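Geometric and topological summary
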Amino acid sequence: MVRAWYMDESADDQRLEHHRNPPKFIEISDLSKATGVEHFKINHESFETDSVLQNLRKERGYSYEDEFQTEESKPDYEAKLRTFFTEHIHTDEEIRLCLAGSGYFDVRDANDEWIRIEVTPGDLIIIPSGIYHRFTLDTKNFIRVKRYFVGEPVWTPYNRPADDMDARLEYLRKLKAGF
């Protein structure tokens, strides 16, 4: 089951949970209303035939997919982790289905506070374009995900500040109007 919570301000290891004291969890339905982030539970063992995923792919036009895996034993592990943890936006949605392992997606709320979203096998997360976010592994140091795209994949992260970009301005408009 996916969990989400507001993060503390600690500079400790990014792979730790970073709960506030006391912890402040946020329900996934409230997370969606507050940030536009969507979550779906998918049968990760038979994801190719999962009806929820098939419907999402059809409704949203996901026409390209690939698989990505990161683990501590890979030669570029440290560099990749730093890149993923740099706060950024994208001009397209970011769609990730966790197939194995676990990790955290961090997103900013309307008050610019970090919310940490834990993903485990079967969690499909859709991060809207224009939202400031980042990713990190947890202390298990391993995740395998499917990535979905509309058309050809767009890999470009725009590091903060990117407040004048159309994707960011559109996200802020949606945030103000309500998701």
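The rules we used
- Residues numbered from 1 in each chain as written.
- Predicted model: local features only at pLDDT ≥ 70, side-chain atom pairs only at ≥ 80, totals over all residues.
- Heavy atoms only, no water.
- UniProt positions renumbered as here; feature names shortened; annotations may be inferred.
- Salt bridge = Lys/Arg side-chain N within 4 Å of Asp/Glu carboxyl O.
- Buried < 20%, exposed > 50% of the residue type's maximum accessible area, 1.4 Å probe, protein only.
- Helix = DSSP H or I, 4+ residues; strand = E, 2+ residues; numbered from the N terminus.

The name that an unreviewed UniProt entry assigns to the protein chain is Acireductone dioxygenase, with the source organism given as Frankliniella fusca. As stated in UniProt under Pathway (unreviewed entry), the record for the protein chain gives "Amino-acid biosynthesis; L-methionine biosynthesis via salvage pathway; L-methionine from S-methyl-5-thio-alpha-D-ribose 1-phosphate: step 5/6."

Time to look at the pattern of salt bridges. A full pass over the atoms with the stated rule returns 20 salt bridges. For R57, the salt bridge identified is with E65, shortest N-O distance 2.8 Å. Judged by relative accessible area, which is 24%, R57 ranks as partly exposed. Using a relative accessible area of 27% as the deciding quantity, one classes E65 as partly exposed. Among the ionic pairs, D163 bridges to R168, the shortest N-O distance being 3.8 Å.

To continue, consider unusual backbone geometry. Omega for the bond connecting N21 with P22 falls within 30 degrees of zero, at 5°, which places this linkage in the cis form. Tracing the backbone shows P22 in the loop between β1 (3–6) and α1 (28–35). For the bond running from R160 to P161, omega is 10°, close enough to zero to count as cis. Along the chain, P161 falls in the loop between β11 (158–159) and α4 (166–177). Even without glycine at this site, D112 takes up a positive phi of about 70°.

Further remarks concern the environment of V154. Along the chain, V154 falls in the loop between β10 (142–149) and β11. Residues V154 and S102 lie 52 residues apart in sequence; the distance between their C-alpha atoms is 23 Å.

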